[in-house]
Amino acid sequence: MKQYRRRSSSLSVRTLRRRGTQPKVVALGGGMGLSASLAALRRITGDLTAVVTVADDGGSSGRLREELGVLPPGDLRKALAALCGDDDWGQTWSRVIQHRFQSKGDLHEHAVGNLLIVALWEQLGDHVQALDLVGRLLGAHGRVLPMSAVPLELQALVKGHDPERPEDVDTVRGQATVALTPGEVQSVHLVPNDPPAVPEAVEAVLDADWVVLGPGSWFSSVIPHLLVPELLEALVETKARRVLSLNLAPQPGETEGFSPQRHLEVLGRHAPKLALDVVLADEAAVPDRESLAEAAKRLGAAVELAPVARKDGSPKHDPELLAAAYDRIFRMHGRIGPWR
């Protein structure tokens, strides 16, 4: 039988742990964008917390949410998988929790990790405790927290959702629908509109050295964190420095046709009190650097351009390149924590 050993994902992280010099980093988002950020960040710090959106209503998560009334576990599962190490133990467990059943019955397309997380929620009656337990099982290099302890519905005001009424603004309901909606998303909000934040998530933000927001689906994964009042208040008041990581390309549907600077303008409209320190973008994805710099300056931020895309031409972040970009930002943009 093959033997599996748990070990740290990199020499630099082991060294930082011994010296007690690693930065406390909190990453906020959901889906594959947050996974990309976590896969990079776990390479440069062992003190890492993911705060994950809980508005998903599609696929396996949506079915479990509708049938059992639980938080959607899918984005939480993806975050845990991204925090698994590069050794045999980590990669095996990453594949296991991401595995989806293929059948003609009720289990079709359910992810193993979703079922495991929900089972532990029902057994323990505590979202955070259950996710911490899954993290220990996987040997995850970090902690995963939901942004709220109640399931949320994402709603968007969309202009031209109906092609026959291009000037009308309609309400589109559900994260899965918003992510692919035709028309122009004007704004998004949550139902309930004043959801409670998970206290551990608020505490992590307030205690962080760095907070990383994005990349990810802008209206359905990134901005929702700014719509939870207690979490937004923590993001505004924290002494941590704030990094916004932009996507490599606009997404079909919700941000189709968006320039990099328009992403910043939309975020600023949803959270006008939130200041940023750094905006990270791929150097090949910014056709108008001056306009991006002006938009970032309005949010209090400097722009850092770096090659962070995979070499295969796909609009996906390379974890090693993204890690190098984050590491440079953490080292170059101010020294505020005892780890420095």
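Since this is a predicted model, take the numbers as computed values, not measurements. (Residues numbered from 1 in each chain as written. Predicted model: local features only at pLDDT ≥ 70, side-chain atom pairs only at ≥ 80, totals over all residues. Heavy atoms only, no water.)

1. Here's the deal with the packing of aromatic side chains
A ring pair, where both rings are aromatic, is described by two values, the distance of the centres and the angle of the planes. A complete count under the given rule lists 4 aromatic pairs for this structure. Consider the rings of Trp89 and Trp93, whose centres lie 6.4 Å apart with planes at 50°: the pair is tilted. Of this pair, Trp89 and Trp93 both sit in helix H5 (residues 88–98), separated by 4 residues, roughly a single helical turn. Among the aromatic residues, those joined into a cluster by ring pairs are Trp210, Tyr326 and Phe330. (Phe/Tyr/Trp six-rings, centres within 6.5 Å; stacked < 30°, edge-to-face > 60°. Helix = DSSP H or I, 4+ residues; strand = E, 2+ residues; numbered from the N terminus.)

2. Looking at the environment of Leu232
For Leu232, the position within the fold is in helix H11 (residues 229–237). Note: C-alpha distance between Leu232 and Ala197 (35 residues apart in sequence) is 9.4 Å. Setting aside chain neighbours within four positions, we find Leu232 in contact with His225, Leu226 and Ala271. (Contact = heavy atoms within 4.5 Å.)

3. Re helix H3 (residues 59–68)
For H3, the complete set of buried residues consists of Ser60, Ser61, Gly62, Leu64 and Arg65. On its buried side, H3 packs onto helix H4 (74–82), helix H6 (112–124) and strand E4 (153–159). (Buried < 20%, exposed > 50% of the residue type's maximum accessible area, 1.4 Å probe, protein only.)

4. Observations regarding the sheet that holds strand E8 (residues 241–245)
Pairing within the open sheet is parallel, and its 7 strands lie in the order E3-E2-E1-E7-E8-E9-E10. Bordering the open sheet on either side are strand E3 (143–146) and strand E10 (302–306), each of which pairs with just one other strand. Strand-to-strand twist in this sheet, taken as the mean axis angle between neighbours without regard to direction, amounts to 20°. Two elements, E8 and strand E9 (residues 278–282), share 3 bridges in a ladder whose sense is parallel. Each residue of the ladder has a partner; that of Ser245, found in E9, is Leu280. Against the sheet, helix H9 (residues 199–207) engages strand E1 (24–29), strand E2 (47–52), E3 and strand E7 (210–213), with an angle of about 125° to E3. (Pairing = 2+ DSSP bridges. Axes fitted to C-alpha atoms, helices over the stretch in contact; angles between N-to-C directions.)

5. Considerations on a negative patch on the surface
On the surface, a cluster of negative charge is contributed by Asp194, Glu230, Glu233 and Glu237. Looking at the secondary structure, you find Glu230 in helix H11. (Patch = residues over 30% accessible without salt bridge, like charges linked within 9 Å, V, L, I, M, F, W, Y side chains within 5 Å. Areas by Shrake-Rupley, 256 points an atom, 1.4 Å probe, with all protein chains shown as cover. Salt bridge = Lys/Arg side-chain N within 4 Å of Asp/Glu carboxyl O. Lys, Arg positive; Asp, Glu negative; His and termini not counted. Charge placed at Lys NZ, Arg CZ, Asp CG, Glu CD.)

6. Overview of the confidence of the model for the protein
For the protein, the average pLDDT comes to 89, and 92% of its residues sit at 70 or higher. Low pLDDT, under 50, characterises residues 1–19; the predicted model gives this stretch 34 contacts beyond four residues in sequence or across chains. Taken together, the stretch residues 336–340 has pLDDT below 50 and engages in 18 contacts with residues farther than four places along the chain or on a different chain. (pLDDT = per-residue confidence, 0-100.)

7. Topic: the nonpolar core
The biggest cluster of nonpolar side chains holds 100 residues, and the ones touching the most others in it are Tyr326 and Phe330. Here the element with the most residues in this core is helix H14 (residues 319–332); it accounts for 6 residues. Non-local contacts of Tyr326, meaning those with residues more than four positions away in its chain, are made with Ser37, Ala40, Leu41, Ile44, Val212, Gly214, Pro215, Val243, Ser245 and Leu280. (Core = buried A, V, L, I, M, F, W, Y, C linked by side-chain atoms within 4.5 Å.)

8. Here's the deal with the pattern of salt bridges
Considering all chains together, one arrives at 16 salt bridges under this definition. In this structure, Asp75 engages Lys78 in a salt bridge whose closest nitrogen and oxygen atoms are separated by 3.9 Å. Highlighted residues: Asp75 and Lys78, both in helix H4, separated by 3 residues, approximately one helical turn. Of the residues examined, Lys78 reaches a relative accessible area of 21% and is grouped as partly exposed. Salt-bridge contacts for Arg143 lead to Asp132; the nearest nitrogen and oxygen are separated by 2.9 Å. With a gap of 11 residues between them, Arg143 in strand E3 and Asp132 in helix H7 (residues 127–138) connect regions that are remote in the sequence. According to the relative accessible area criterion, Arg143 is partly exposed, its value standing at 31%. Taken together, the shared-partner salt bridges in this structure form one network comprising Arg42, Arg43, Asp86 and Glu320.

9. As for the domain arrangement of the protein
Taken domain by domain, the protein comprises domain 1 (22–49 + 199–335), domain 2 (54–146) and domain 3 (153–191). Taking the mean C-alpha position of each, domain 2 and domain 3 sit 29 Å from one another. Between domain 2 and domain 3, the residue contacts involve 5 residues of the former and 5 residues of the latter. For the pair domain 2 and domain 3, the summed buried area comes to about 390 Å², and 43% of that belongs to carbon and sulfur atoms. For the pair domain 2 and domain 3, the number of links is 0 salt bridges. Where domain 2 touches domain 3, the interface holds 3 residue pairs in polar contact (both at pLDDT 80 or more). (Domains from an automatic or database assignment. Buried area = accessible area lost by both parts, 1.4 Å probe. Polar contact = N/O pair within 3.5 Å; in protein donor to acceptor, adjacent residues only side chain to side chain.)

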